[in-house]
Amino acid sequence: MSLTRQDVEKVALLARLKFNEDGLDKMTDHMVQIIQYVDKLSELDTEDVQPMAHALDIYNALAEDEPRPSLSREDALKNAPKRDEECFRVPAVLGE
Amino acid sequence: MSIIQKTATEQLALLNSGELTSVELTQAYLNQIEQVDGQVGAFLRVETESALAQAAAIDQKRATEAPLGKLAGLPVAIKDILCTKDTPTTCGSRMLENFQPPYNATVVEKIRAADGVILGRTNMDEFAMGSSTENSAYQTTQNPWDTARIPGGSSGGAAACVSADMAPLSVGTDTGGSIRQPAALCGCVGLKPTYGRVSRYGLIAFASSLDQIGPLARTVEDTALLLEVLAGHDPLDSTSVKQPTPAYSETVKQPLENLTLGVVDRHFGAGIDPEIETAVQSAIQVYESLGATIKHIAMPHADYGIATYYIIAPCEASSNLARYDGAHYGYRTDQAEVVAELAEDGSDEGPLVRMYRKTRSEGFGEEVQRRIMLGTYALSEGYYDAFYLKALKVRRLIRQDYDAAFEEVDMIIGPVTANPAFAQGEKTSDPMAMYLEDLYTVTANLAGVAGISLPCGFTSSGLPIGLQLQAAPFQEEKLLRAAQMYQAATDFHTRRPELS
Amino acid sequence: MSEFSYEIVIGLEVHVQLKTKTKLFCRCRTEFGNPPNTQTCPVCLGMPGSLPVMNKKAYFLSMRTALALNCGIPKFTKWDRKNYFYPDLPKGYQTSQFDLPMSEEGYLDIKSTKDEFEPRRVRIIRAHLEEDAGKSMHDEAAGKGDSRIDLNRTGTPLLEIVSYPDMRSAAEAKAYMQELRLLLTYLDVSDCNMQEGSLRCDANVNLHITTDDGVIATPIVEIKNMNSFRSVERGIEYEAKRQYDVWQETGKVLGELPKQTRGWDDSAQVTRSQREKEESADYRYFPCPDLVPVIVTDQQIEEVRQEIGELPSALRERLQNEFGLTVYTADVIVNQGLSLVEYYLELAAAAGDNKLAGNWVQGEVLRILNDQEIEIEDFPIDAGRLAELLKLVQAGDLDSSKAKDVFAAMLTSDSSAADVIKELGIEKVDEGALEALCQVLVERNQRIVDDVKSGNEKAVGALIGQAKKENPNVNPGQVRQICLEIINNL
Ligand SMILES: [Mg+2]
Ligand SMILES: [Zn+2]
């Protein structure tokens, strides 16, 4: 399986990361190596194998619909990099 | 013999008999940290004041003859991945440098409720991604047995502090070997419980379906004591299992009869350090001399463990770490720079996306970014089936190997690592070499089974060697008893590193 | 270019906020309108280390809804993560359901009370549970500066109901929304308040245009922000015309353009293109490792099925078949909601006349509810009191115009119908007195007697007028009948 620099750039945008030219080369290099290694899984025939997403078969962890206290607004906002009295603040969601 | 060289179990007896106070004990450890942590770098933060205050409060409680918890004044070191209310919790990352969670992890609550004294926060690979603790944004940790070498990782600080007598008990996390491998390289005991045995609530997630919190200590008995405190069902964690917690510390000294141990032949031979092979083979002979039967078992898919792990873990991590985007907490890049960039390059990328990308590229270290990239790629359109889905299927095959093995044997015995602690910087530029460090440990995480690492020898240059025992889900009690049998018959766990 | 006929093809994705006290994965309250960021906890803030725990009630309310929509309930369902970055989504993913939703393959029948379209069965692809996002508030005009984020709504349980593209007009889409809303209120699973966002609708719309070279399809557009039934209708109508015009201009057909998202601007009554994303969406769905699957038994599904009361479609049929109401009256009453139906049923039973009760509820009662903008729960005349009035009408003691006067007076008093009649002085005139009055009138008006005798029965009308002048309470029908009898016996 081949992975190009352009592919890596696309993935970086999806992952909201950004690399400079050298960083991109290095990342591409490392990813190609790792992907070549993990490709050894394709040796195995897994046609009839059920995927296993959880380590254990646990089901039905359901909680009753009973309210518990929320955090104070101060506690909710106290770690915010930018905030005002009421809200988190982020760069404009829309617009240029 | 100084008090800090005694085991936690011995210290607990002294505390209970009134010969020792928690303040004295805590102070002794604080002094040791003061003396040796400059060379080791196990702690990111030592919480001197609050530790002494907790110790004093517990002594006070004892004086009034109020019932005390199971730890009753014993100090505990905590990996900096567990949320502690209104206290910095960094996960070894620049991203969370100023982060103070508004809540406590369940295990932190449990340690407090058990009257444990929280000594401080131990160093780790950023977001628990690494096998050498070289990926911390803050400092490296040195192996107390040879400070030019790594302590293992990601719970490197957690293992090193126990090994250098800076804490009797320590809490780590294990996603692919992160408790067992540093325990082996630092010469202490570390246990990864069955997935679901210990609540993950408040554990900053790396790979949610693999992460598990566990104890590190110098002896099996002490490990049993701490596990007893950490384990138990938690309604706040949907993956926490409703199983009663056995009294590990009470049964740990009962030897197991008719113990059958499984040996996987391909664990030996090519690729493993001969000194490690010899030490592990001798440990197997010790078990035989204690009456255990040895059976050779096949784990046909074990060789695919690393490949499976390095798909599943990065996939989950890429999603778990999406929340670090500079919007609601943690690091955010300088807005003025974003605005300047916008003006300069005139591409159509908006200010919000720029803020995200810049924040994440500056806040995360290289290894974390690599795993986010891998996971994002493996989950993306057109690759999901070939990578992620395939890995989930092989994970099932690995689990089936374990199930078949545990039909035949009580436990699987083998090495923890192929090599002893390596030199600082030796593998930092070769991620694949670093990933292979987890060769013998990742399969337990993939299958969800329990595993323990305990000292079983030293290399000729004096580096510790670890022995791994793995048991079927929820068989920690037997695992501890089997480990204790070995420890009672050997003295590797009593040797201490020499730090000036 | 010449004009071609076209068909609008519409599929709806409806998000319903479920009526739970707490959020889907944490136990914060779900109240609407609280001050920003006062309804959050580590879980719904997406704090490091926090973990979700599924709300049991949300699951069972969803199942109730899905069953009422004739959906199948798989025994196994699981949760998936939909990954994308947005500041109102603090975890960086939305917990939703991807390949194994909690229900699939149902339908909802719609019809028009005004004969705008033929009755239609709209098939439902699936209904799945997911968490809501928070709210970002931005000054779109200014465009610069910060957006403000309120996470109170983050994690509120939503049921997403996805229909097949089975609707063929804006009126059908509106009717589907209205019928769905009605069903949801009968099920008591949601407040269905479109203004507060507890019922939201996105429409996927395109056209099938019959050209000289066969039928072509225009590119599909998803319309968002339609916050009322009227905007669903207008938004789709606008979009249909716009797509036709664009096709005439560009000739672009389905597959030649990516799916576009447009927002409905209610004040300007147009759809506007929403800013194109920087990249094509790739949500990287995968099973959420922090949540475990749900497995239900046949018995649990049956129990939920039993909880479901009579649904609108069944009630409409019952009111027609068992109560003899017209299709129109039955529709009007049922469409007003379960409380009005219950009022009707009580009234009909107490008054002993199903049709009369139906006419009164559909007529007078509904008129007052609409005029005063109140719900039936706040209607001042309870069914028992109104039944007394209806009995008097039925017995012929009150004509319909007097009955309306009595009804109007009862709206502002607690008096019984009989008391109101007394207060108004419109008691029924005594039979003997009425006959005596008629006798006098006949004697006084020989010319009218002659007219009637010569075959002009209508002439008796003048006597009714005179009788009313003498006593306004007389029943005109009775006067007519008595006078005719007297004249014929002369
Ligand atoms: Mg959705
Ligand atoms: Zn919450």
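Residues numbered from 1 in each chain as written. Chains lettered and ligands numbered in written order. Predicted model: local features only at pLDDT ≥ 70, side-chain atom pairs only at ≥ 80, totals over all residues. Heavy atoms only, no water.

Trainee: What's the story with the overall build of chain B in this structure? I'm lost.
Mentor: Scanning chain B from terminus to terminus reveals 17 helices and 11 strands. What you see for chain B is a C-alpha radius of gyration of 22 Å, in line with the 23 Å of a compact globule of 500 residues. Along the first, second and third principal axes, the C-alpha set of chain B runs to 75 × 55 × 45 Å. By residue count, 68% of the 500 residues in chain B fall in the buried class. Taking the intrachain contacts of chain B between residues at least 6 apart in sequence as the baseline, contacts between residues at least 24 apart amount to 76%. (Helix = DSSP H or I, 4+ residues; strand = E, 2+ residues; numbered from the N terminus. Rg over C-alpha atoms; globule rule 2.2 N^0.38 Å. Buried < 20%, exposed > 50% of the residue type's maximum accessible area, 1.4 Å probe, protein only. Contact = heavy atoms within 4.5 Å.)

Trainee: Please explain the sheet that holds strand 4 (residues 80-83) of chain C as it appears in this structure.
Mentor: Through backbone hydrogen bonds, the strands of a sheet pair up, either in parallel or in antiparallel fashion. Pairing is antiparallel in the open sheet, where 3 strands are placed in the order 5-4-16 (chain C). On the outer flanks of this sheet lie strand 5 (93-96) and strand 16 (286-287) of chain C, each paired with one strand and no other. Packed on one face of the sheet, helix 10 (residues 305-320) of chain B meets strand 4, strand 5 and strand 16 of chain C and runs near 60 degrees to strand 4 of chain C. (Pairing = 2+ DSSP bridges. Axes fitted to C-alpha atoms, helices over the stretch in contact; angles between N-to-C directions.)

Trainee: So what exactly am I meant to see when it comes to empty space enclosed by the protein here?
Mentor: Taken as a whole, this structure holds 6 cavities of 30 Å³ or more when the rule is applied. Estimated volume of the largest cavity: approximately 140 Å³. Residue composition of the lining of the largest cavity, grouped by class: 8 nonpolar, 4 polar and 4 charged. (1 Å grid on protein atoms, 1.4 Å probe; cavity = no way out; pocket = protein on both sides within 12 Å on 5 of 7 lines; lining within 4 Å. Points joined across faces, edges and corners; volume = space filled by probe spheres on them. Nonpolar A, V, L, I, M, F, W, Y, C, P; charged D, E, K, R; others polar.)

Trainee: Just to check I follow, could you spell out the coordination of the magnesium ion (ligand 1) for this structure?
Mentor: Reference values for angles at a metal are 109.5 degrees in the four-donor tetrahedral case and 90 or 180 degrees in the six-donor octahedral case. Residue and element names in this part refer to chain C. Coordination of the magnesium ion (ligand 1) by the protein involves Glu130 (OE), Glu130 (OE) and Glu160 (OE), with metal-donor separations of 2.0 to 2.6 Å. Here the residue Glu130 occupies a position in strand 7 (residues 120-131), and Glu160 occupies one in strand 10 (residues 157-163), the gap between them amounting to 30 residues. In this structure Glu160 comes out as buried when scored by relative accessible area, which is 9%. (Donors = N, O, S within 2.8 Å, 3.2 Å for Na, K, Ca; no water.)

Trainee: Before we go on, may I ask you to explain helix 2 (residues 170-187) of chain C in this structure?
Mentor: Side chains of residues three or four places apart in an α-helix project in the same direction, reflecting 3.6 residues per turn. For helix 2 of chain C, with 18 residues, the first-to-last C-alpha span of 26 Å sits near the 26 Å given by 1.5 Å per residue. Of the residues trailing helix 2 of chain C, Asp188 of chain C is marked for its positive phi of about 60 degrees. (Expected span 1.5 Å × (residues − 1).)

Trainee: Would you explain the confidence of the model for chain C in this entry?
Mentor: The predicted structure's coordinates, where accompanied by low pLDDT, should not be read in detail. Scored by pLDDT, chain C has a mean of 91; 97% of the residues are at 70 or more. Among the prediction metrics, the complex's ipTM stands at 0.96, with pTM recorded as 0.92. (pLDDT = per-residue confidence, 0-100.)

Trainee: Is there a simple way to think about the side chain of Thr194 of chain B in this case?
Mentor: Secondary-structure assignment places Thr194 of chain B in the loop between strand 5 (189-192) and strand 6 (212-217). Among the polar contacts made by the side chain of Thr194 of chain B, one reaches the main-chain amide nitrogen of Phe474 of chain B at a distance of 2.7 Å. In this structure, Thr194 of chain B is in contact with Leu56 of chain A together with Gln212, Gly448, Val449, Ala450, Ala472, Pro473, Phe474, Gln475 and Glu476 of chain B, ignoring residues within four places of it in sequence. (Polar contact = N/O pair within 3.5 Å; in protein donor to acceptor, adjacent residues only side chain to side chain.)

Trainee: Explain the interface of chain B and chain A to me, please; I cannot follow it from the model alone.
Mentor: For an interface, size is often stated in terms of accessible area lost upon the parts coming together. With 72 residues of chain B in contact, the opposing surface of chain A contributes 55 residues. Between chain B and chain A, a total of about 5,600 Å² is buried, with carbon and sulfur atoms accounting for 69% of that surface. If you look at where chain B meets chain A, you find 3 salt bridges. Salt-bridge contacts for Asp86 of chain B lead to Lys78 of chain A; the nearest nitrogen and oxygen are separated by 2.3 Å. The interface formed by chain B and chain A holds 19 residue pairs in polar contact (both at pLDDT 80 or more) in total. Taken together, the elements giving at least two residues each to the side of chain B that touches chain A come down to helix 10, helix 12 (351-363), helix 13 (366-379), helix 14 (385-408), helix 15 (431-435) and helix 16 (442-447) of chain B. With 12 residues, the single largest contributor to the side of chain B that touches chain A is helix 14 of chain B. For the side of chain B that touches chain A, the residue count by class is 38 nonpolar, 19 polar and 15 charged. (Buried area = accessible area lost by both parts, 1.4 Å probe. Salt bridge = Lys/Arg side-chain N within 4 Å of Asp/Glu carboxyl O.)

Trainee: Teacher, can you tell me more about the coordination of the zinc ion (ligand 2) here?
Mentor: Residues and elements named next belong to chain C. At 2.3 Å from the zinc ion (ligand 2) lie its protein donor atoms, namely Cys26 (SG), Cys28 (SG), Cys41 (SG) and Cys44 (SG). Viewed at the metal, the 4 donor atoms of the zinc ion (ligand 2) are separated by angles of 99 to 116 degrees, and the geometry they form is tetrahedral. Here the donor residues for the zinc ion (ligand 2) map to a single chain with the spacing C-x1-C-x12-C-x2-C. Linking Cys28 in the loop between strand 1 (6-17) and strand 2 (54-55) with Cys44 in the loop between strand 1 and strand 2, this pair joins segments that are 16 residues apart in sequence. Here Cys28 falls in the buried class, since its relative accessible area comes to 1%. (Tetrahedral: all angles 85-135°; square planar, octahedral: opposite > 155°, others 65-115°.)

Trainee: Teacher, can you tell me more about the interface of chain B and chain C here?
Mentor: Counting from both sides, the interface comprises 41 residues of chain B and, opposite them, 34 residues of chain C. Taken together, both faces of the contact between chain B and chain C bury some 2,900 Å²; the carbon and sulfur share is 59%. The three residues of chain B that bury the most area against chain C are Ser238, Arg323 and His328 of chain B, which together make up 22% of that side's buried surface. The tally of links between chain B and chain C comes to 1 salt bridge. Between Arg200 of chain B and Asp290 of chain C there is a salt bridge, with the nearest N and O atoms lying 3.0 Å from each other.

Trainee: Would you mind showing me how to read the sheet that holds strand 1 (residues 43-46) of chain B here?
Mentor: All names here are of chain B. Pairing is mixed across the open sheet formed by 11 strands, whose spatial order is 1-3-2-4-6-5-10-11-9-7-8. The open sheet is flanked by strand 1 and strand 8 (293-297), the only strands paired with a single partner. Between one strand and the next, the sheet's axes are offset by a mean angle of 30 degrees, whatever the strand orientation. Bridge analysis of strand 1 against strand 3 (residues 117-122) gives 3 bridges, and the strand direction is antiparallel. Paired with Phe43 across the bridge in strand 3 is Thr122. Seen against the sheet, helix 5 (residues 156-163) touches strand 1, strand 2 (75-79), strand 3, strand 4 (169-174) and strand 6 and runs at an angle of roughly 155 degrees to strand 4. Across the face of the sheet, helix 17 (residues 476-489) comes into contact with strand 5, strand 9 (411-415), strand 10 (450-458) and strand 11 (464-471) while running at roughly 10 degrees to strand 10.

Trainee: What's the story with the layout of surface pockets in this structure? I'm lost.
Mentor: Where empty space is left in the structure can be found by rolling a water-sized probe over the atoms. All names here are of chain C. The calculated volume of the second largest pocket comes to roughly 1,600 Å³. Lining the second largest pocket are 48 residues, with Gln178, Leu182, Asn335, Gln336 and Gly337 sitting closest to its centre. Elements that contribute at least two residues to the lining of the second largest pocket include exactly strand 6 (103-110), helix 2, helix 3 (229-250), helix 5 (312-321), helix 6 (327-335), helix 7 (338-351) and helix 8 (354-372). At 9 residues, helix 2 tops the list of elements feeding residues into the lining of the second largest pocket. Here the lining of the second largest pocket is composed, by residue class, of 18 nonpolar, 14 polar and 16 charged. Shared between two domains, the lining of the second largest pocket holds at least three residues of each, these being domain 1 (10-203 + 267-299) and domain 2 (310-423). (Domains from an automatic or database assignment.)

Trainee: What is the right way to read helix 17 of chain B from this model?
Mentor: Residues and elements named next belong to chain B. Over its 14 residues, helix 17 extends 20 Å from the first C-alpha to the last, a length consistent with the 20 Å expected when each residue adds 1.5 Å. Counting buried positions along helix 17 yields 10 of 14 residues, so the element is predominantly enclosed. Taken as a whole, helix 17 has its buried residues at Glu476, Leu479, Leu480, Arg481, Ala482, Ala483, Gln484, Met485, Tyr486 and Gln487.

Trainee: What should I look at first to understand the environment of Tyr344 of chain C in this one?
Mentor: All names here are of chain C. Assignment of secondary structure puts Tyr344 in helix 7. Judged by relative accessible area, Tyr344 falls into the buried class, the value being 0%. As a C-alpha pair, Tyr344 and Ala383 span 39 residues in sequence and 7.6 Å in three-dimensional space. If near-sequence neighbours (up to four positions away) are discounted, Tyr344 is found in contact with Leu319, Phe323, Leu325, Ile333, Asn354, Ala357, Gly358 and Val361. Within the local environment of Tyr344, its side chain forms a polar contact with the backbone oxygen of Asn354, the two atoms lying 3.0 Å apart.

Trainee: Teacher, can you tell me more about the environment of Val452 of chain C here?
Mentor: By the secondary structure assignment, Val452 of chain C is in helix 13 (residues 446-453). Sequence separation between Val452 of chain C and Leu386 of chain C is 66 residues; the distance between their C-alpha atoms is 40 Å.

Trainee: When you look at the pattern of salt bridges in this model, what are you seeing that I'm missing?
Mentor: Side chains that differ in sign of charge can pair as their charged atoms come close. Residues and elements named next belong to chain B. In the structure shown here, the tally under the stated rule is 69 salt bridges over all chains. A salt bridge links Asp115 to Lys61; its shortest N-O distance comes to 3.0 Å. Of the two residues, Asp115 is situated in the loop between helix 4 (106-113) and strand 3 and Lys61 in helix 3 (residues 48-63); the sequence distance between them amounts to 54 residues. The salt bridge involving Asp165 is made with Arg218; its shortest N-O contact spans 2.6 Å. A residue pair is termed long-range when its members are at least 10 positions apart, and Asp165 in the loop between helix 5 and strand 4 and Arg218 in the loop between strand 6 and helix 7 (220-230) qualify at 53 residues. We classify Asp165 as buried; its relative accessible area is 7%.

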